[in-house]
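Chain and residue survey
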Amino acid sequence: MAHFAKQTTLSLEALRADYRRAELSETHCRTNPIEQFQAWFQEAQAADLKEPNAMALATATPAGKPSGRIVLLKEAGEFGFVFYTNYHSRKGRELTANPQCALTFYWAELERQVRVEGQVEQVPQEKSEAYFRSRPKGSRLGALASEQSTVLPSREPLESRLAELEAIYGGTDEVPLPEHWGGYCVRPDTIEFWQGRTNRLHDRIRYQRKGENEWIIERLSP
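A brief look at the structure comes next. Nothing here was measured: the structure is a model prediction, and the numbers come from that model. (Residues numbered from 1 in each chain as written. Predicted model: local features only at pLDDT ≥ 70, side-chain atom pairs only at ≥ 80, totals over all residues. Heavy atoms only, no water.)

1. Brief notes about the nonpolar core
Convention followed: Among buried residues, the Ala, Val, Leu, Ile, Met, Phe, Trp, Tyr and Cys ones that are joined through side-chain atoms within 4.5 Å form a nonpolar core. Partly exposed residues are those whose accessible area sits between 20% and 50% of the maximum for their type, while under 20% is buried and over 50% is exposed, using a 1.4 Å probe and protein chains only. Here a strand is any run of E in DSSP of at least two residues, a helix any run of H or I of at least four, and the numbering for each starts at the N terminus.
Counting residues in each nonpolar core, the largest one holds 31 residues, and the members touching the most others are F37, F81, W107 and V114. Of all the secondary structure elements, the ones that give two or more residues to this core are α1 (33–46), β1 (54–60), β4 (80–86), β5 (100–107), β6 (112–122), β7 (181–195) and β8 (203–209). Among the elements that take part in this core, α1 stands out by supplying 5 residues, more than any other. Within the second largest apolar cluster, 15 residues are counted, among which are V82, L141, W181 and C185.

2. Focus on the packing of helix α4 (residues 137–145) against helix α5 (residues 156–168)
To be explicit about the condition: In this analysis, axes come from line fits to C-alpha atoms, helices being fitted only over the stretch in contact, and the angle between any two N-to-C directions falls in the range 0 to 180 degrees. Small angles under 35 degrees read as roughly parallel and large ones over 145 as roughly antiparallel, with 65 to 115 read as roughly perpendicular and the rest as oblique. Crossing handedness: left-handed means the near helix sits turned counterclockwise from the far one by under a right angle, and right-handed means the same turn made clockwise. In what follows, a contact means two residues having at least one pair of non-hydrogen atoms within 4.5 Å.
The geometry of α4 relative to α5 is characterised by a closest axis approach of 9 Å and an angle of 125° between their N-to-C directions. The orientation of α4 with respect to α5, classified from their angle, is oblique. As for the relative orientation of α4 and α5, their crossing is right-handed in sense. Residues L141, G142, L144 and A145 of α4 form the contact with α5, whose participating residues are L158, R161, L162, L165 and E166.

Written out as structure tokens, the structure reads:
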């Protein structure tokens with residue numbers, strides 16, 4: 001292909017690692033993928049990883065144009081996986097138009113990743129209110145100051161808006177929840193657990209929802 005010819009490239013072909021830390025078998029997996037995720041997450045916390053709750057969130061327009069970014073998981077249970085953001089951001093607009101998304105956790109030190117696919121819905125406002133109040137005041141003011149994903153001529157208007165809000169709310173810890181800010185819950189249809197193995201023969205165990213509380217467990221070829 002012409003666009004590969006006579007260009008300066010960064011060759012990464014020699015970069016590789018062999019994975020030998022652990023294995024994942026069907027017999028040792030929990031029957032419920034949420035319980036399996038919670039067990040793995042606790043191991044990631046115990047390994048003292050930096051922000052083990054960081055996850056790649058993939059969204060797409062109705063036409064299928066994808067986008068991805070890193071967000072932070074704030075809750076995980078039988079209901080699903082919860083994160084918070086600006087509803088007017090690019091991800092918020094795409095989730096409104098196409099409420100299907102995917103999450104990916106990657107814990108390199110443990111040679112593990114978890115993939116989640118499912119449908120998303122906004123969490124109740126009172127839940128968003130409770131989480132918003134738990135955030136540091138600076139983070140709450142930042143949520144008010146930022147019109148996320150809009151174009152800025154420079155950083156100065158953002159800093160000025162933050163300074164205005166700091167003056168307005170300087171004498172109180174009560175910062176109102178922005179109408180355009182809150183939580184999303186991803187209700188998983190599929191959850192896959194990946195454990196790196198030697199010779200690229202990785203372990204992949206996939207859970208697919210069969211009913212409200214039933215899951216099919218399958219091993220996938222690496």
